[in-house]
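Secondary and tertiary structure notes
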Amino acid sequence: MSDALSPERLELIEQIAGMSEAAQAMARVPAAKAALFLGYSTSQLATMRNKGEPPPAPHAEGGKQGSDVMYLVRTLVEYVKGMPISQIGAGASVVVEKDTLHGKLKVINNSIAGSRVTRHRMTWAATVDPAIAEDAEFPFFVNEQGLVLGPAWQSVQQTFDWFMAPDTDVTFQTWVRGLAMVWVSESDRVAVINDCARDVPEVPDLVTQFRKQQLAAI
């Protein structure tokens, strides 16, 4: 992931930070959502967690990985703002705000132009294999059944709503793989495919081919 300094992320951080302290203290999100919020990949966040680096994941169940790891929203907000981590035993130090992700966002926010989604699509939409580069993957929200709701950052409000919903999670996929998955709304999937095609014309064919390969492998 390479969108840690996007203005969309700053707005999402501000929206979540604007929630009441009680709401932040009660809300828990799985590791993939935490990675989206922080602008890390899930593997980067897992490496930090394994090294005992902040932000802490106080609700990791029995040392399990992935979806079993839960982060407090309050902890994530405190981490990006460079505030003392209130979770007991977190061991996080206070840093100057300009050196934090949040501080850097504020400094360069005005210098970033364009949509995060469009930029990523134009660069990576024709990529099928995520092994080419970790940056080729993009966060898609899914429901409890694993059906795709849509890509993150189409709007900050939509991303916020999906992020805070207790019955959603995030999966990181290349555009081709994400668009080949089963979506809650087929019309939404087709609309995003058409949007991608405006930037990268071969996307519809790549998605169709990948779907056929997946079906043939069943």
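These remarks concern the structure in this document. (Residues numbered from 1 in each chain as written. Predicted model: local features only at pLDDT ≥ 70, side-chain atom pairs only at ≥ 80, totals over all residues. Heavy atoms only, no water.)

Some thoughts on the overall build of the protein
Along the backbone of the protein there are 11 helices and 5 strands. Within the protein, the proportion of its 218 residues that are buried is 45%. Within the protein, counting contacts between residues at least 6 apart in sequence, those at least 24 apart form 65% of the total. With the model as given, the accessible surface of the protein reaches about 10,600 Å², and the carbon-plus-sulfur share is 53%. (Helix = DSSP H or I, 4+ residues; strand = E, 2+ residues; numbered from the N terminus. Buried < 20%, exposed > 50% of the residue type's maximum accessible area, 1.4 Å probe, protein only. Contact = heavy atoms within 4.5 Å. Areas by Shrake-Rupley, 256 points an atom, 1.4 Å probe, with all protein chains shown as cover.)

Brief notes about the packing of aromatic side chains
For any pair of aromatic rings, the description rests on two quantities: the centre-to-centre distance and the angle between the ring planes. All chains considered together, the criterion is met by 6 aromatic pairs. Considering the side-chain rings of Phe-141 and Trp-162, the 5.5 Å spacing of their centres and the 45° angle between planes classify their relative orientation as tilted. Of this pair, Phe-141 sits in strand β3 (residues 138-143) while Trp-162 sits in helix α8 (residues 156-164), and the two are 21 residues apart along the sequence. Among the aromatic residues, ring-to-ring pairing joins Phe-138, Phe-140, Trp-175 and Trp-183 into one connected group. The positively charged end of Lys-33 is found above the aromatic ring belonging to Phe-163, 5.9 Å away from the centroid. (Phe/Tyr/Trp six-rings, centres within 6.5 Å; stacked < 30°, edge-to-face > 60°. Lys NZ or Arg CZ within 6 Å of the ring centre and 35° of its normal.)

Side note on the packing of helix α1 (residues 7-17) against α8
Axis separation between α1 and α8 bottoms out at 10 Å; the angle between their running directions is 50°. Comparing the axis directions of α1 and α8 gives the class oblique. Of the two elements, α1 crosses α8, and the hand of that crossing is right-handed. Contacts between α1 and α8 involve Glu-8, Glu-11, Leu-12, Gln-15 and Ile-16 from the former and Val-156, Gln-157, Thr-159, Phe-160, Phe-163 and Met-164 from the latter. Broken down by class, the residue content of the contact of α1 with α8 amounts to 6 nonpolar, 3 polar and 2 charged. (Axes fitted to C-alpha atoms, helices over the stretch in contact; angles between N-to-C directions. Parallel < 35°, antiparallel > 145°, perpendicular 65-115°, else oblique. Left-handed = near helix turned anticlockwise from the far one by under 90°. Nonpolar A, V, L, I, M, F, W, Y, C, P; charged D, E, K, R; others polar.)

Re the packing of helix α10 (residues 186-199) against helix α11 (residues 203-216)
Put simply, α10 and α11 touch, their axes get as near as 8 Å, and they point 130° apart. Classified by the angle their axes make, α10 and α11 are oblique. In contact with Glu-186, Arg-189, Ile-193, Cys-196 and Ala-197 of α10, α11 contributes Val-203, Pro-204, Val-207 and Arg-211. Grouping the amino acids of the contact of α10 with α11 by side-chain chemistry returns 6 nonpolar, no polar and 3 charged.

Description of the pairing of β3
When you tally the buried positions in β3, you get 6 out of 6 residues, the bulk of the element. Here β3 runs beside strand β5 (residues 168-173); their pairing, made up of 6 bridges, is antiparallel. If you follow Pro-139 over to β5, its bridge partner there is Phe-172. Examined bridge by bridge, β3 and strand β4 (residues 148-151) share 3 bridges and lie antiparallel to one another. Each residue of the ladder has a partner; that of Phe-141, found in β4, is Gly-150. (Pairing = 2+ DSSP bridges.)

These figures capture arrangement, not role.
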